[in-house]
Amino acid sequence: MSTTQQMIQQNHELREQLDPENKEYYIKLLEYTRFGNWFKDKNQTEEVLLEVLQDLIAAQKNGLSAEEYFGKNPRESADELLETIDNKQVKGFKIFLVVLSINLFISLIITIILNDTSISAFKWIFRVSYLSVGVYVLSKYLQQNVYSKTDSKKKDRFFFLSCVLIIVTDVLIEQLILPSLWMVNLSQELLLFGLVAVTAVLTWKVSKLAKKDIVAWSVSVLFLWILSGIRLLQYF
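What you see is a predicted model; the values in this text were computed from it and never measured.

S.K.: Can you walk me through the packing of helix α1 (residues 3-14) against helix α3 (residues 42-61) in this structure?
M.R.: If you want to describe how two helices pack, look at the angle between their axes and the distance between the axes. At a minimum axis distance of 9 Å, the contact between α1 and α3 shows a crossing angle of 25 degrees. It follows that α1 is roughly parallel to α3 by the angle criterion. Handedness of the α1/α3 crossing: left-handed. Between α1 and α3, the residues in contact are T3, T4, M7, I8, Q10, N11 and L14 and K42, N43, E46, E47, L49, L50, L53, Q54 and I57, respectively. Looking at the contact of α1 with α3 residue by residue, the class counts come to seven nonpolar, six polar and three charged.

S.K.: Sorry, what's going on with the nonpolar core here?
M.R.: Across soluble globular proteins, nonpolar side chains have a tendency to be buried as a group. By size, the foremost hydrophobic cluster in this structure holds 21 residues, and its most contacted members are L18, Y26, L29, V52, L53 and L81. Elements with a minimum of two residues in this core: α1, α2 (20-35), α3 and α5 (74-83). When residues no more than four places from it in sequence are discounted, the contact partners of L81 are L29, T33, V48, L49 and V52. Counting six residues, the second largest nonpolar core, distinct from the first, contains L195, V206, V221 and L227.

S.K.: Explanation requested: the pattern of salt bridges in the structure shown.
M.R.: A side chain of one charge can pair with a side chain of the opposite charge when the charged atoms of the two come close. One pass over the structure, following the stated rule, counts three salt bridges. Here E16 ties to K23 by a salt bridge, and the two come within 3.2 Å at their closest N and O atoms.

S.K.: Sorry, what's going on with the side chain of T33 here?
M.R.: Looking at the secondary structure, you find T33 in helix α2. A relative accessible area of 0% means that T33 is categorised as buried. Apart from the residues within four sequence positions on either side, T33 is in contact with T45, L49, L81, L82 and I85.

S.K.: Sorry, what's going on with the confidence of the model for the protein chain here?
M.R.: Caution applies to low-pLDDT parts of the model: their predicted coordinates are not meant to be read in detail. Per-chain confidence: the protein chain averages 76 in pLDDT, with 78% of residues scoring 70 or above. Predicted confidence in the protein chain is weakest over helix α6 (residues 89-114), with a mean pLDDT of 64, and strongest over α3, with 85.

S.K.: Mind showing me how you'd approach the packing of α2 against α5 here?
M.R.: Axis separation between α2 and α5 bottoms out at 10 Å; the angle between their running directions is 45 degrees. In this view, α2 runs oblique relative to α5, as classed from their interaxial angle. Read as a crossing pair, α2 and α5 show a hand that is right-handed. Of the residues in α5, those in contact with Y25, L29, Y32 and T33 of α2 are P74, R75, S77, A78, D79, L81 and L82. Its residues assigned to classes, the contact of α2 with α5 shows seven nonpolar, two polar and two charged.

S.K.: Before we go on, may I ask you to explain a negative patch on the surface in this structure?
M.R.: Together, D19, E21, E67 and E68 give the surface a local cluster of negative charge. Along the chain, E68 turns up in helix α4 (residues 66-70). By relative accessible area, E68 is classed as exposed at 56%.

S.K.: Honestly, α5 in this entry has me stumped. Any pointers?
M.R.: Since the α-helix packs 3.6 residues into each turn, any two residues three or four apart lie on the same face. Every buried residue of α5 is listed here: P74, S77, A78, L81 and L82. Around the axis of α5, the buried residues are gathered within 140 degrees of arc, so they sit on the same side. Taken together, the buried residues of α5 touch α2, α3, α4 and α7 (121-144).

S.K.: Would you mind going over the environment of T169 with me for this structure?
M.R.: Mapped onto the fold, T169 is located in helix α8 (residues 152-177). By relative accessible area, which is 24% here, T169 ends up partly exposed. Along the primary structure T169 and Y130 are separated by 39 residues, whereas in three dimensions their C-alpha atoms are 9.8 Å apart.

What counts, and at which threshold
- Residues numbered from 1 in each chain as written.
- Predicted model: local features only at pLDDT ≥ 70, side-chain atom pairs only at ≥ 80, totals over all residues.
- Heavy atoms only, no water.
- Axes fitted to C-alpha atoms, helices over the stretch in contact; angles between N-to-C directions.
- Helix = DSSP H or I, 4+ residues; strand = E, 2+ residues; numbered from the N terminus.
- Parallel < 35°, antiparallel > 145°, perpendicular 65-115°, else oblique.
- Left-handed = near helix turned anticlockwise from the far one by under 90°.
- Contact = heavy atoms within 4.5 Å.
- Nonpolar A, V, L, I, M, F, W, Y, C, P; charged D, E, K, R; others polar.
- Core = buried A, V, L, I, M, F, W, Y, C linked by side-chain atoms within 4.5 Å.
- Buried < 20%, exposed > 50% of the residue type's maximum accessible area, 1.4 Å probe, protein only.
- Salt bridge = Lys/Arg side-chain N within 4 Å of Asp/Glu carboxyl O.
- pLDDT = per-residue confidence, 0-100.
- Patch = residues over 30% accessible without salt bridge, like charges linked within 9 Å, V, L, I, M, F, W, Y side chains within 5 Å.
- Areas by Shrake-Rupley, 256 points an atom, 1.4 Å probe, with all protein chains shown as cover.
- Lys, Arg positive; Asp, Glu negative; His and termini not counted.
- Charge placed at Lys NZ, Arg CZ, Asp CG, Glu CD.
- Arc of directions from axis to C-beta.

Structure representation (structure tokens):
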């Protein structure tokens, strides 16, 4: 487990020491900060959040509420908190790479299942760019609505419908509008190597997660190993 993950886990455990009112205040502060840290140093973000939590716990022991300690304008306090964190433009590029990797992974699985070795690089680049922008816009929406008075169920419904709309729109644009340019034919050997490599890397990454997260990912990892085994048997 990385240092950042350890701080996230410690934060989660320490939060239980807060009373309900202070906990609600802090969780909103935490969500607003995390949704708004696209171009901020993630490790420093978690350090600052942990320090704020520890200060709040100390203030609570002295009989102060979160509102009394941090002020009555939580959004302003959260913005000031974000300003103290160093900008890290490369992080935005890393998030783009994460979306790219997920898209590559999904494309690889679909290609193997459908046994279609032809891929349009033009459509693939469009999908990565479109989904990256979609993820960014949704995260900004979630950040701006942390302190809104909108019912949480309405927020969840809007978020779910937005995700569906982004995916459906992407599919429709690719299938009905975009031409199939820059076609790339992948060999069976390359696809098989990619599948085994992705499965091995994912297994390694999952093994480093907390136990509760490992359980959540175990079905996906098992599916990939079964798929890899089937394709290996078919190839040989």
